[in-house]
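Commentary on secondary and tertiary structure
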Amino acid sequence: MAAPVHKPVVVREFESAEHSGRDYHTLPGGTVRATLAGVVVHVDGDQVVVESNAIWHLYRRLSEPTVSQGETVETGEPLGSAVESHLHYEERVAPYQDGDHRKPQFDLHTNARMRVVAPGESAVEGAAEPPGATVTT
């Protein structure tokens with residue numbers, strides 16, 4: 001599985017009944033890519049949802065999505081550009097409905113190299129690991 005952004009740095013993780021997922025550091029205008037091949041099942045404003053094997057991959061805070069509902073995308077294919085300094089990404093069991101935040105019982109990112117930035121540290125693309133950061137492979 002690919003990461004949704006180049007040089008993925010996780011700046012925040014969410015795990016609650018209302019909101020789950022990860023925020024990845026991005027540069028405004030940076031390319032956001034599909035983490036797995038699938039079908040685009042939802043495009044709305046700054047949000048794109050791609051279904052891959054009954055898992056919905058939700059990407060939020062996109063500018064001008066470059067995909068349309070019903071389109072098939074390949075792993076790593078551009079979905080749009082980041083609006084802000086972070087991309088919000090979630091994995092959910094399909095079908096996703098508003099208010100339904102069922103998460104899969106596994107972490108699809110275990111094979112993706114990511115940097116998790118320690119609280120209070122800044123995420124600078126290409127920078128060395130900040131003190132206290134965790135690297136997962």
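Everything that follows concerns the structure shown earlier in this document.
This report concerns the structure included in the present document. The structure presented is a predicted model; accordingly, all values stated were derived computationally and were not measured.

The geometry of an aromatic ring pair comes down to the distance between the two centres and the angle between the two planes. On inspection of all chains with the given rule, the structure shows 2 aromatic pairs. Summarising the aromatic geometry, the rings of Tyr24 and Tyr89 are spaced 6.3 Å apart at their centres and angled 70 degrees between planes, so their arrangement reads as edge-to-face. Here Tyr24 is found in strand S2 (residues 20-25), whereas its partner Tyr89 is found in strand S10 (residues 86-93), with 65 residues between them in sequence. By relative accessible area, Tyr24 is classed as buried at 0%. Put simply, the rings of Tyr24, Tyr59 and Tyr89 touch in pairs and so form one group of aromatic residues.

In this structure, Ser52 sits in strand S5 (residues 47-52). Within polar-contact distance, the side chain of Ser52 engages the backbone oxygen of Ala37 at 2.6 Å. With sequence-adjacent residues up to four places away left out, Ser52 is seen in contact with Leu36, Ala37, Gly38 and His57.

This structure, assessed with the given rule, holds 4 salt bridges. Residue Glu90 pairs with Arg60 through a salt bridge whose shortest N-O separation is 3.7 Å. In this pair, Glu90 sits in strand S10 while Arg60 sits in strand S6 (residues 55-60), placing the two residues 30 residues apart along the sequence. Overall, Glu90 belongs to the buried group, its relative accessible area being 1%. For the salt bridge of Glu84 with Arg61, the shortest nitrogen-to-oxygen distance reads 3.3 Å. Of the two residues, Glu84 sits in the loop between strand S9 (78-82) and S10 while Arg61 sits in the loop between S6 and strand S7 (62-63), which places them 23 residues apart along the sequence.

Conventions used here
- Residues numbered from 1 in each chain as written.
- Predicted model: local features only at pLDDT ≥ 70, side-chain atom pairs only at ≥ 80, totals over all residues.
- Heavy atoms only, no water.
- Phe/Tyr/Trp six-rings, centres within 6.5 Å; stacked < 30°, edge-to-face > 60°.
- Helix = DSSP H or I, 4+ residues; strand = E, 2+ residues; numbered from the N terminus.
- Buried < 20%, exposed > 50% of the residue type's maximum accessible area, 1.4 Å probe, protein only.
- Polar contact = N/O pair within 3.5 Å; in protein donor to acceptor, adjacent residues only side chain to side chain.
- Contact = heavy atoms within 4.5 Å.
- Salt bridge = Lys/Arg side-chain N within 4 Å of Asp/Glu carboxyl O.

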